[in-house]
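# Remarks on the overall topology
Below, each chain spelled out in residue letters.
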Amino acid sequence: METILHLLPLTPDQQAAFRAAAPEAEHLFLPTHDRRGAVDIPPDWRQRVTILMGFVPPQDLKTFPRLKWVQSWNAGVDPYLVPGVLPEGVVLTCAAGAYGPAVSEHMLATLLAIYKDLPRYRDQQHEHLWRDLGPVRSLHGKTVLVGGTGDISRHFARLCRALGAATIWGLHRSDKPVEDFDRTFPMSEIDGLLPQADVVALALPHNADTAGLMDRRRLLLMKPDAVLLNAGRGSAVDCAALAEVLSGGHLLGAGMDVTSPEPLPPDHPLWDAPRALITPHTAGGYDHMALTLDNLCALFLDNLDRWLNGRPLRSRMK
C-alpha cells in the first residue's frame, strides 16, 4: 500500500479527489504555504511515506526510508538533481506546465509597470506630489526576445502579442519552430539578437548554458532603452553587473522576480539601482493565484493515475 504525503494547501474537494484517485492508499495531508519546504512533518509519517507530493528541503529526502517517488511542486528541481541528494532508485517528477499563466502575467505586469513609470509615480504618491513625469512606452510594435520556449515563455509570448508586439523571438536549444513565436534561435545567437530587442524576458532553467548568461558585456549589448525581465532562475543574470549598468543609465528598467544570490542580501547594490523593480520570487507562488493550485492538482492527479497504472509519468526528471 502506498502512503502519500500531500504538502499542498488543498481544499476539502481537492483532498477528496486524491482519495478517490487512490482509494487503497493512505493519504496524509499537511497543508503548507512555505515555499522553502520548512514544515514540521511527524517522524512516524516520514517512516511511512512512499510518495511525496510537494517539496521538502533536499537534505530531508534521506529521512524518508520508504520513499519511491517525489512529485515536486516546483517546475525547476535543480537542488534535487545534485549528486547524492535524491536517494537511489527514487523517481523525480517536476511541475512543468503548471505555472505558465501566473508567471507570465507577473512578467507582463512588471513590464507594464516599468513602461508606464508606475514605480516613480508610487514614489511621488508617498511624497504627496502631483507631477507629470512625461512620455511612457507601449508594447505596440516592439520586438520581444524570450529566453526559453516552454510553457511560461509561450504564455508570455501570447500576452505580448495581444498587446501589439510586432515580433516575438524565442531562444531555444535549436532553431526548431515553436508555437507562439515568429522565429526561434539557438542560444548561441543571443549576441546578435540582444541589440535588436526592446524587451528581453528570461524564463530559463539553471544549467551550464544559462548560468551567467546575462553578464555585463551582454547587458551592454541591449538597447539603451530596453527592458530586462527575469522570472526563471536568478543565476541567468549577473545582478551586480546589472546594478552597475542601471546606475550608469543603460536600460529603461529591469524587472527581477529571481536573483543571484537569493534572497538578495540587504546590502546588495541592486536594491538601490535606478529603474530596478524587484519581487521576492513570488511570480509562480501557488498561494498567489488559485489557477496555479488547480493546475498543480490536475498535474499531480494525472501523474498519480499514471503511477498506479504503470504508465510513463509526465515531466520525469529522474
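Residues numbered from 1 in each chain as written. Predicted model: local features only at pLDDT ≥ 70, side-chain atom pairs only at ≥ 80, totals over all residues. Heavy atoms only, no water.

### A short note on the side chain of Thr143
As a reminder, the rule being used: Going along the chain from the N terminus, every DSSP run of H or I of four or more residues is numbered as a helix, and every run of E of two or more is numbered as a strand. We call a residue buried when its accessible area falls under 20% of the maximum for its residue type, exposed when it is over 50%, and partly exposed in between, using a 1.4 Å probe and counting protein chains only. Any pair of residues with heavy atoms lying within 4.5 Å of one another is described as a contacting pair.
Inspection of the secondary structure puts Thr143 in strand S6 (residues 143-147). Residue classification places Thr143 among the buried positions, given a relative accessible area of 13%. Apart from residues lying up to four places away in sequence, Thr143 is in contact with Thr167, Trp169, Gln196, Ala197, Asp198 and Val199.

### A word on helix H5 (residues 151-162)
Because each turn of an α-helix spans 3.6 residues, side chains separated by three or four positions end up pointing in the same direction. What counts here: Multiplying one less than the number of residues by 1.5 Å gives the expected span of a helix.
Its 12 residues place the ends of H5 17 Å apart at the C-alpha level, agreeing with the 16 Å of an ideal helix rising 1.5 Å per residue. Looking at the packing, one finds that the buried side of H5 touches helix H3 (100-115), S6, strand S7 (167-172), strand S9 (199-202) and strand S10 (227-230). Where H5 ends, the next residue or the one after it, Gly164, has phi of about 95°, a positive value.

### Some words on the sheet that holds strand S1 (residues 3-6)
In a beta sheet, neighbouring strands pair by backbone hydrogen bonds and run either parallel or antiparallel. Definition in use: DSSP calls a pair of strands paired once it identifies at least 2 bridges connecting them. Where helices are involved, their axes are fitted lines through C-alpha atoms of the stretch in contact, as for all axes, and angles between N-to-C directions lie from 0 to 180°.
Taken together, the 5 strands give an open sheet; going across it, the order is S2-S1-S3-S4-S5, and neighbouring strands pair in parallel fashion. Pairing within the sheet leaves two strands with one partner each, and these edge strands are strand S2 (26-29) and strand S5 (91-93). On average, adjacent strands in this sheet sit at an angle of 15° to one another, irrespective of strand direction. By the bridge criterion, 4 bridges tie strand S3 (residues 51-54) to strand S4 (residues 69-72) in an arrangement that is parallel. Of the residues in S4, the one forming a bridge with Leu52 is Val70. In the packing of helix H1 (residues 12-21) onto the sheet, contacts are made with S1, S2 and S3, and the angle to S2 comes to roughly 160°. The sheet strands contacting helix H9 (residues 290-308) are S1, S3, S4 and S5, and the helix crosses S4 at an angle near 160°.

Any functional reading would require information that these geometric values do not contain.
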